Amino acid sequence: MTLPTYEEALAKAREGSPFSNSTEGECWMENNCEQCVHDRPARTGNPADGCPLVLVAYLDKTPAEWMRNEGFRLGDQYTCVMFRPEDDPGPDEPTPAPDPPGQLTLCPREPYERPGRMYVDIRPVEAGVR
Ligand code: SF4
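Just so it is clear, the structure is predicted and the values come from calculations on it, not from any experiment.

The rules behind the values
- Residues numbered from 1 in each chain as written.
- Predicted model: local features only at pLDDT ≥ 70, side-chain atom pairs only at ≥ 80, totals over all residues.
- Helix = DSSP H or I, 4+ residues; strand = E, 2+ residues; numbered from the N terminus.
- Contact = placed C-beta atoms within 7 Å.
- Core = buried A, V, L, I, M, F, W, Y, C linked by C-beta atoms within 7 Å.
- Buried ≥ 20, exposed ≤ 12 C-beta atoms within 10 Å, placed from the backbone.

Participant: Teacher, can you tell me more about the overall build of the protein here?
Facilitator: Looking only at helices and strands, the protein has four helices and four strands in total. Along its sequence from the N terminus, the protein presents helices and strands in the succession α-β-α-α-α-β-β-β. In the protein, the proportion of contacts linking residues at least 24 apart, taken out of those at least 6 apart, comes to 67%.

Have a look at this one:
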C-alpha cells in the first residue's frame, strides 16, 4: 500500500474542511496522525516529508482516504485507510497474491486493486463505565 503523492491526494479530495473547528481536528490527529508512521517525519522536525493527506486537510479539503464514521465521537470522526501504526513491523503491507507464472487471466487485475486496504481499527479502545 503506497501513500498517494500530494498532487494525487489533492486531486481526489472532497471539497470542504474535514473538521468544524480546530478542536475536532486536533483530537482526530492526536488519535491518528500522531501515532502513524506516515507522519513521523513531521513529528521529528521534517514537515516537508510529512503525510500528504494531512497537508490536503490543511487546505480545507477532505482526503478521499478518510472514511467518515457513523455518529460523532470527538477524535473518531474518520477512519484513515492509510493509517499504519508506528510499531507496525512493516515496511511491507499485505498485497494480493501474485498470479502464478504462466497463468492465463480473464481480465487484468490492476484496475481493480485498491490503493489502500479495507481497514478495521483493531487498536484497543478503553471502555468506560457509566
Ligand atoms: S496516513 Fe492517515 S493517519 Fe497516517 S498520517 Fe496520513 S492522514 Fe494521518
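There's more to say after this.
Participant: Please clarify how the nonpolar core should be interpreted in this entry.
Facilitator: One recurring pattern in soluble globular proteins is that nonpolar side chains are buried together. If you look at the biggest cluster of nonpolar residues, it comprises 15 residues, and the most contacted ones within it are Cys51, Leu53, Val54, Val56 and Cys80. Among the secondary structure elements, those contributing two or more residues to this core are α4 (52-58) and β4 (78-80). No other element matches the four residues that α4 contributes to this core. Discounting chain neighbours no more than four positions away, the residues touching Cys51 are Leu3, Cys33, Cys36, His38 and Asp39.

Participant: What am I meant to see in unusual backbone geometry here?
Facilitator: Phi is mostly negative for residues that are not glycine, and the peptide bonds are mostly trans. In this model, Asp60 sits at a positive phi of 65°, which is unusual for a non-glycine residue. Within the element layout of this structure, Asp60 appears in the loop between α4 and β2 (61-62). Overall, the presence of 12 C-beta atoms within 10 Å leaves Asp60 in the exposed class.

Participant: Whenever I open this one, the environment of His38 confuses me. Can you help?
Facilitator: Here His38 shows up in the loop between α2 (22-31) and α3 (40-43). Setting aside its immediate chain neighbours within four residues, His38 contacts Leu3, Cys51, Met82 and Arg84.

Participant: Please clarify how the environment of Gly75 should be interpreted in this entry.
Facilitator: Mapped onto the secondary structure, Gly75 falls in the loop between β3 (66-68) and β4. Spatially, the C-alpha atoms of Gly75 and Asn32 are 8.3 Å apart, while their sequence positions differ by 43 residues. When sequence neighbours within four positions are dropped, the list of residues in contact with Gly75 reads Cys27, Trp28, Glu30 and Asn31.

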